[in-house]
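Below, each chain spelled out in residue letters.
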Amino acid sequence: MNHLPLIIKREYLTKVKNKSFIVMTFLSPMIFIALIALVAYLSQLNNDKIHIISVLDESGLVSDGLKSSDKIKYEKLSNLSLEEAKALAKKTKSYGLLHIKTWDSFNDLSNKVNFYSEESPSFAIFSELENQIESKLTNLNLEEKAIDVDAIKDSKITIDIIQENFEGLQTSKTDGIAKLIFGGATGYLLFMFIIIYGNMIMRSVIEEKTSRIIEVIISSVKPVQLMLGKIIGTSLAGITQFVIWVILGGVLMTVVSLVLGINLFDSSTPQQELMTIASEGKGVDFYFESFKSILRSLPLINLVIAFILYFIGGYLLYSSLYAAIGAAVDNETDTQQFVMPILMPLILAVYVGIFTVIEDPHGTVSTVFSFIPFTSPVVMLMRIPFGVPLWEQLLGFLLLIATFMFTVWFAAKIYRVGILMYGKKPSYKELIKWIKY
């Protein structure tokens, strides 16, 4: 008799009714949103602060070119010596003192500008300060050489290369960024899902083994059915928890933004500034058209189907190994020697995805690792947004399923023997003997 549906139901209900599972399901997004809100609030406080910089310009040529912004305000000092300016800056608690010496030639400017402060200045503020000074001095140098600054500015040409494949479908740099984000997100999501819920399966097996409940269950259920039931039941519980996290997290982010008036995305200020500069002067229509362009460039149907298949295949492959480890040991401490070899291919897949797929998604390394079953779920999901032939996707998936079937057989051998073994720390040599039974 097939008891698999009953085992899946039992595992699922046991997990979702567990008090710690319920608490963490609702508490985790609250903690996560609270941390994001705190970071956004602190970032907002930091952004609202105005840094006053005292400027002692002995040349009298640069200070007029320094323009105050929302974060920096320049106060010009005059008729003061350097020591008097330092004392005044300390007394008024200025962010720092910018000292510009006189110069005889523009070739001597490398050591003519100093910045004095109590603490090391912010990298962003220091960069903005350098850019303004460099821009002003460059213009002065050009004027001294009787070069028309406005003519140089007018002569600059900005181009935006139109990217188009041989079938006539246009893409853009924004599309490439969207592909990177989607590929990285799906690969990282699978990586985290395997680690979190794979460990949950392993702990579940260890708990039942140490409580001796397994001896009663195994008398009426085949070990393979019990192992698959645990994997599928725990997976469904994990999906349930993940869906609740997404919904509850979205609601909490909306509530926090409305009630506290905090923009939860302000914590990524440098990225936002880059986007603002890149899209300066462009309104809502620009973003709407960019979003439509991104959707057109992504093979959405292919992405969704491939994500589901590779996500399920990759998770089942690694979960069977986690279940086998749980059956082989008596406590969680003994799992470390067996878990590390499982994690190494996953970690390698993420590194290959980040450093190789992004650089060359159709290169030899990316292609080979997208076929290796233990790395293909992550690497292939990162490659697909860039356009992978269907035969490569099917071949990678078939290899993944074949390896999963072999792994289930392999893990079931260990599971069948290890589930009833107590009081002995297994070694790799011992596991090989169990497989031969």
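Values in this document were obtained by computation on a predicted structure and should not be read as measured data. (Residues numbered from 1 in each chain as written. Predicted model: local features only at pLDDT ≥ 70, side-chain atom pairs only at ≥ 80, totals over all residues. Heavy atoms only, no water.)

Side note on the overall build of the chain
Helix and strand counts for the chain stand at 16 helices and 6 strands. Looking at the chain residue by residue over its 437 residues, the buried ones come to 40%. Residue pairs at least 24 apart in sequence account for 71% of intrachain contacts in the chain once pairs closer than 6 positions are excluded. Of the roughly 25700 Å² of accessible surface on the chain, a fraction of 65% belongs to carbon and sulfur atoms. (Helix = DSSP H or I, 4+ residues; strand = E, 2+ residues; numbered from the N terminus. Buried < 20%, exposed > 50% of the residue type's maximum accessible area, 1.4 Å probe, protein only. Contact = heavy atoms within 4.5 Å. Areas by Shrake-Rupley, 256 points an atom, 1.4 Å probe, with all protein chains shown as cover.)

Thoughts on a nonpolar patch on the surface
On the surface, Ile22, Val23, Met24, Phe26, Leu27, Met30, Ile31 and Leu35 cluster together to form a nonpolar patch covering roughly 680 Å² of accessible area. Within the element layout of this structure, Ile22 appears in helix H2 (residues 19-48). (Patch = residues over 30% accessible without salt bridge, like charges linked within 9 Å, V, L, I, M, F, W, Y side chains within 5 Å. Salt bridge = Lys/Arg side-chain N within 4 Å of Asp/Glu carboxyl O.)

Quick word on the confidence of the model for the chain
Per-residue pLDDT for the chain averages 76, and the proportion of residues at 70 or more is 79%. Mean pLDDT across the elements of the chain bottoms out in helix H9 (residues 269-278) (43) and peaks in helix H13 (residues 364-369) (89). Contacts of residues 266-284 to residues separated by more than four positions or lying in other chains number 14 contacts, the stretch itself having pLDDT below 50. (pLDDT = per-residue confidence, 0-100.)

Describing the environment of Trp103
Counting through the fold element by element, Trp103 comes out in the loop between strand E3 (96-100) and strand E4 (113-116). Owing to a relative accessible area of 15%, Trp103 belongs among the buried residues under this scheme. Residues Trp103 and Glu58, 45 residues apart in the sequence, show an inter-C-alpha distance of 9.3 Å.

Remarks on the pairing of strand E1 (residues 51-57)
With 6 of 7 residues buried, E1 lies mostly within the body of the structure. Where E1 and strand E2 (residues 72-77) come together, 6 bridges link them in parallel fashion. Within E2, the position partnered with Ile52 by the bridge is Lys73. By the bridge criterion, 5 bridges tie E1 to E3 in an arrangement that is parallel. Note that in E3 the partner of Ser54 across the bridge is Leu97. (Pairing = 2+ DSSP bridges.)

Remarks on the pairing of E3
In terms of burial, E3 is largely enclosed, as 5 of its 5 residues are buried. Judged from the 4 bridges that link them, E3 and E4 form a sheet pairing that is antiparallel. Note on E4: the bridge partner recorded for Ile100 is Val113.

Observations regarding the packing of aromatic side chains
According to the stated counting rule, one finds 8 aromatic pairs in the structure shown. Residues Phe307 and Phe311 carry aromatic rings whose centres are separated by 5.1 Å and whose planes lie at 40 degrees to one another, so their mutual orientation is tilted. Of this pair, Phe307 and Phe311 both sit in helix H11 (residues 300-328), 4 residues apart, which is roughly one turn of the helix. Relative accessible area serves as the criterion here: at 23%, Phe307 is assigned to the partly exposed category. Judged by centre distance (6.5 Å) and plane angle (35 degrees), the rings of Phe371 and Trp391 are tilted. You can see Phe371 sitting in the loop between H13 and helix H14 (376-383) and its partner Trp391 sitting in helix H15 (residues 390-418), a full 20 residues away along the chain. Its relative accessible area of 17% is what places Phe371 among the buried residues. (Phe/Tyr/Trp six-rings, centres within 6.5 Å; stacked < 30°, edge-to-face > 60°.)

Some thoughts on the environment of Pro345
Secondary-structure assignment places Pro345 in helix H12 (residues 336-357). Linking Pro345 and Pro373, residues 28 residues apart in sequence, is a C-alpha distance of 9.6 Å. The residues contacting Pro345, other than those within four sequence positions of it, are Tyr318, Phe374 and Thr375.

Here we look at the environment of Glu128
By the element assignment, Glu128 lies in helix H4 (residues 123-144). Residue classification places Glu128 among the partly exposed residues on the basis of a relative accessible area of 26%. Considered as a pair, Glu128 and Ile72 are 56 residues apart in the sequence and their alpha carbons are 9.3 Å apart.

Observations regarding the side chain of Ser320
On the secondary structure map, Ser320 appears in helix H11. Exposure remark for Ser320: the relative accessible area of 0% places this residue in the buried category. In this structure the side chain of Ser320 is engaged in a polar contact, spanning 2.7 Å, whose partner is the backbone oxygen of Leu317. Not counting chain neighbours up to four residues away, the residues in contact with Ser320 comprise Met227, Ile231, Thr407, Val408 and Ala411. (Polar contact = N/O pair within 3.5 Å; in protein donor to acceptor, adjacent residues only side chain to side chain.)

Some points on the pattern of salt bridges
Going through the model one piece at a time under the given rule, you end up with 4 salt bridges. Here Lys230 ties to Glu11 by a salt bridge, and the two come within 2.9 Å at their closest N and O atoms. Of the two residues, Lys230 sits in helix H8 (residues 223-260) while Glu11 sits in helix H1 (residues 4-16), which places them 219 residues apart along the sequence. Here the two residues Lys230 and Glu11 agree in accessibility, since each one is buried. Measuring nitrogen to oxygen at the nearest pair gives 3.2 Å for the salt bridge that ties Glu392 to Arg383. Its relative accessible area of 1% is what places Arg383 among the buried residues. Each of Arg10, Glu11, Lys15 and Lys230 takes part in salt bridges that share partners, so that together they form one network.

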